[in-house]
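# Understanding the architecture of this molecule
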Amino acid sequence: MAEIEKGKISTIEGPADGNGNNTRARVVPDQAEGVITKPLVIPALLRGDAGKLEKGTEVVFAVFPDQTGIILDRADGEWYGVIYGNLRVTKDIKTETIESVNTHRHGGIYPGSGTTDIPQG
């Protein structure tokens with residue numbers, strides 16, 4: 001059974017992922033001052049500028065009986081709005097703030113086998 005703990009990042013280390021972001025971190029648990037975990041996995045959504053993890057950042061993490069583990073989140077819940085890599089959207093994109101997405105329309109589109117021109121403003 002895994003133990004869920006809170007602590008502070010001690011070091012961020014590799015290997016790096018395909019975006020060049022480090023994938024592991026060592027953590028000093030709050031309940032075990034002076035102890036440092038083995039390298040724990042940093043999930044993709046917390047790597048690099050997305051999570052801005054650095055030495056001293058408080059995190060919530062899980063450690064398994066074999067001492068492997070994963071960082072679950074920043075303890076302050078902060079996220080910086082960065083997603084790395086290509087995105088695949090499988091439903092409609094809906095937004096309240098990006099006017100160009102909300103109002104973008106293509107003219108000259110007719111049913112059938114015709115082709116359209118490039119998008120216009």
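Above this text is the structure in question.
Now for a description of the structure that goes with this document. On a predicted model such as this, the values are computed, not experimentally measured, just so you know.

## Notes on the pattern of salt bridges
Evaluation of the coordinates by the stated rule reveals 5 salt bridges. The shortest N-O distance in the salt bridge between glutamate 13 and arginine 26 comes to 3.1 Å. Of the two residues, glutamate 13 sits in strand β1 (residues 3-16) while arginine 26 sits in strand β2 (residues 22-29), which places them 13 residues apart along the sequence. Classification of arginine 26 as partly exposed rests on a relative accessible area of 30%. Aspartate 17 serves as the salt-bridge partner of arginine 47, at 3.1 Å between the closest nitrogen and oxygen. Linking arginine 47 in the loop between β3 (40-41) and β4 (58-63) with aspartate 17 in the loop between β1 and β2, this pair joins segments that are 30 residues apart in sequence.

## Quick word on the environment of lysine 38
Along the polypeptide, lysine 38 turns up in the loop between β2 and β3. C-alpha separation for the pair lysine 38 and valine 63, spaced 25 residues apart in sequence, amounts to 9.2 Å. The residues touching lysine 38, leaving out its near neighbours within four places in the chain, are Ala25, Arg26, Asp66 and Gln67.

## A few points about the nonpolar core
Counting 11 residues, the largest nonpolar core is built from Ile9, Ala25, Val27, Leu40, Ile42, Leu46, Leu53, Val59, Phe61, Val63 and Ile71. Counting residues per element, this core draws most heavily on β4, which supplies 3 residues. With residues up to four places along the chain from it excluded, the contact list for alanine 25 reads Ile9, Thr11, Ile12, Thr37, Lys38, Pro39, Leu40, Ile42 and Ile71.

## What about the pairing of β1?
Regular strands place side chains that alternate from one sheet face to the opposite one. Across 6 bridges, the pairing between β1 and β4 is antiparallel. Its bridge partner lying in β4, glutamate 5 is registered against phenylalanine 61. Across 7 bridges, the pairing between β1 and β2 is antiparallel. Opposite threonine 11, over in β2, you have arginine 26 as the bridge partner. Where β1 hands over to β2, the hairpin turn is made up of 5 residues, of which glycine 20 adopts a positive phi near 85°.

## Some words on the layout of surface pockets
Each pocket or cavity is described by its volume, and for the largest pocket that value is around 200 Å³. In terms of lining, the largest pocket is formed by 14 residues, of which the most central are Glu5, Pro29, Thr37, Val63 and Gln67. Sorting the residues of the lining of the largest pocket by element identifies β1 and β4 as the ones contributing at least two each. Grouping the constituent residues of the lining of the largest pocket by class yields 9 nonpolar, 2 polar and 3 charged.

## Topic: the pairing of β2
Note: β2 against β3, 2 bridges, orientation antiparallel. In the strand pairing of β3, alanine 25 is matched with leucine 40.

## Thoughts on unusual backbone geometry
The omega torsion of the bond from glycine 14 to proline 15 falls at 15°, within 30 degrees of zero and hence cis. Locating proline 15 in the fold gives a position in strand β1. Phi at lysine 52 takes a positive value of approximately 45°, unusual for a residue other than glycine. Non-glycine residue glutamine 67 carries a positive phi angle of around 75°. Looking at where glutamine 67 falls in the secondary structure, it is placed in the loop between β4 and β5 (69-74).

Here is what the cut-offs are and how they apply
- Residues numbered from 1 in each chain as written.
- Predicted model: local features only at pLDDT ≥ 70, side-chain atom pairs only at ≥ 80, totals over all residues.
- Heavy atoms only, no water.
- Salt bridge = Lys/Arg side-chain N within 4 Å of Asp/Glu carboxyl O.
- Helix = DSSP H or I, 4+ residues; strand = E, 2+ residues; numbered from the N terminus.
- Buried < 20%, exposed > 50% of the residue type's maximum accessible area, 1.4 Å probe, protein only.
- Contact = heavy atoms within 4.5 Å.
- Core = buried A, V, L, I, M, F, W, Y, C linked by side-chain atoms within 4.5 Å.
- Pairing = 2+ DSSP bridges.
- 1 Å grid on protein atoms, 1.4 Å probe; cavity = no way out; pocket = protein on both sides within 12 Å on 5 of 7 lines; lining within 4 Å.
- Points joined across faces, edges and corners; volume = space filled by probe spheres on them.
- Nonpolar A, V, L, I, M, F, W, Y, C, P; charged D, E, K, R; others polar.

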